[in-house]
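# Commentary on secondary and tertiary structure
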Amino acid sequence: MITAEAALACQRHGLFYLGPLADSRAVTTVVSSVPTKELADHPLAYRPQRVKTADPRFAPYQGVWRPFTFEHEGEQVTDRVLVVWSAGKQRLDEQKRKQQLKRLLNQLAGIESKLNTRRYKQRAYAEKQLAQAQQGNSAHNLVDIELTGIDGALSLTFRINRQKLAAAQALDGRYPLATNASHLSANEALTLFKGQDGIEKRFHTVKGPLLVQPLFVRSDQRIEGLVFMTLLALLVRAIVEREGRRHGLSFTADP
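Below is a short write-up of the structure. (Residues numbered from 1 in each chain as written. Predicted model: local features only at pLDDT ≥ 70, side-chain atom pairs only at ≥ 80, totals over all residues. Heavy atoms only, no water.)

### Brief notes about the overall build of the protein
Helix and strand counts for the protein come out as nine helices and six strands. Per-residue burial over the protein gives 31% buried out of 255 residues. Long-range pairs, those at least 24 residues apart, make up 62% of the contacts in the protein between residues at least 6 apart in sequence. Accessible area for the protein stands at about 17100 Å²; split by element, carbon and sulfur atoms hold 55% of it. (Helix = DSSP H or I, 4+ residues; strand = E, 2+ residues; numbered from the N terminus. Buried < 20%, exposed > 50% of the residue type's maximum accessible area, 1.4 Å probe, protein only. Contact = heavy atoms within 4.5 Å. Areas by Shrake-Rupley, 256 points an atom, 1.4 Å probe, with all protein chains shown as cover.)

Encoded structure:
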């Protein structure tokens, strides 16, 4: 995640950065500032490998730039945020919210059915159970909950807040990518960000096909040598795959 401290450090040292932002009020404001129509008017050319269709009308990604100001210890810098909409992420967001809402509503209904019986006669105990039901549930702020009455005469009401639900639905599929690289287009920024998956898969390769028999190395020098040889093998694999792609060959270096 890109932080204000990291963004300012990159500015001081003349470095480029590109990455997502952690949730905050400022981030939510900039992400929600982009109308749906404006996103729809800016489809991105990037396509994940799993998307085979070449239909130009199908745009799994859309993106719009917005300025974003980082502040840290009296310093500030204004860079850019690419507000990205992903069709796949929208489906996941919708599915997760439905699951979380269903879980919470079922728990609340269970608590309501037990009110004024045994320990549920005590308001303090009922409040504790309500808090536990909401803890860790990402949809808890979408439900208005009210516990009224005194011990032995408690009443619980709960309902989905439609206004908050609509606001949450409007952000489905969206996420922010911050960067100070002003030369990048929206599509280039997204393509570079998605390329991290290839780097992460290299770590899997190190732990998989390149995994050697256990070696008991007892000195820092020998540990460095083992790491160097492993990275050298990884480099050779990457070069072989790249040369294959350059010649129109689709293969991997896996045996």
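### Re the pairing of strand β6 (residues 174-179)
With six of six residues buried, β6 lies mostly within the body of the structure. Along β6, one buried face is formed by Arg174, Pro176 and Ala178 and the opposite face, lined by Tyr175, Leu177 and Thr179, is buried too. The sheet contact formed by strand β1 (residues 18-20) and β6 spans three bridges and is antiparallel. Directly across from Pro20, in β6, lies its bridge partner Leu177. Sheet analysis places strand β3 (residues 75-86) next to β6, joined by six bridges and oriented antiparallel. The residue of β6 that forms the bridge with Val81 is Ala178. (Pairing = 2+ DSSP bridges.)

### Structural notes on the pattern of salt bridges
In total, this model carries eight salt bridges according to the counting rule given. Linking Arg242 and Glu243 is a salt bridge whose minimum nitrogen-to-oxygen distance equals 3.3 Å. The exposure class of Arg242 is partly exposed, given its relative accessible area of 42%. Among the residues examined, Glu243 registers a relative accessible area of 26% and is labelled partly exposed. (Salt bridge = Lys/Arg side-chain N within 4 Å of Asp/Glu carboxyl O.)

### Regarding the sheet that holds β3
What the four strands build is an open sheet, ordered β1-β6-β3-β2; its pairing is antiparallel. The open sheet has two free edges, formed respectively by β1 and β2 (61-72), since each of these has just one partner strand. For this sheet, the mean angle separating the axes of adjacent strands, direction not counted, is 30°. Where β2 lies against β3, twelve bridges are found, and the strand directions are antiparallel. Counted as the bridge partner of Tyr61 is Ser86 from β3. (Axes fitted to C-alpha atoms, helices over the stretch in contact; angles between N-to-C directions.)

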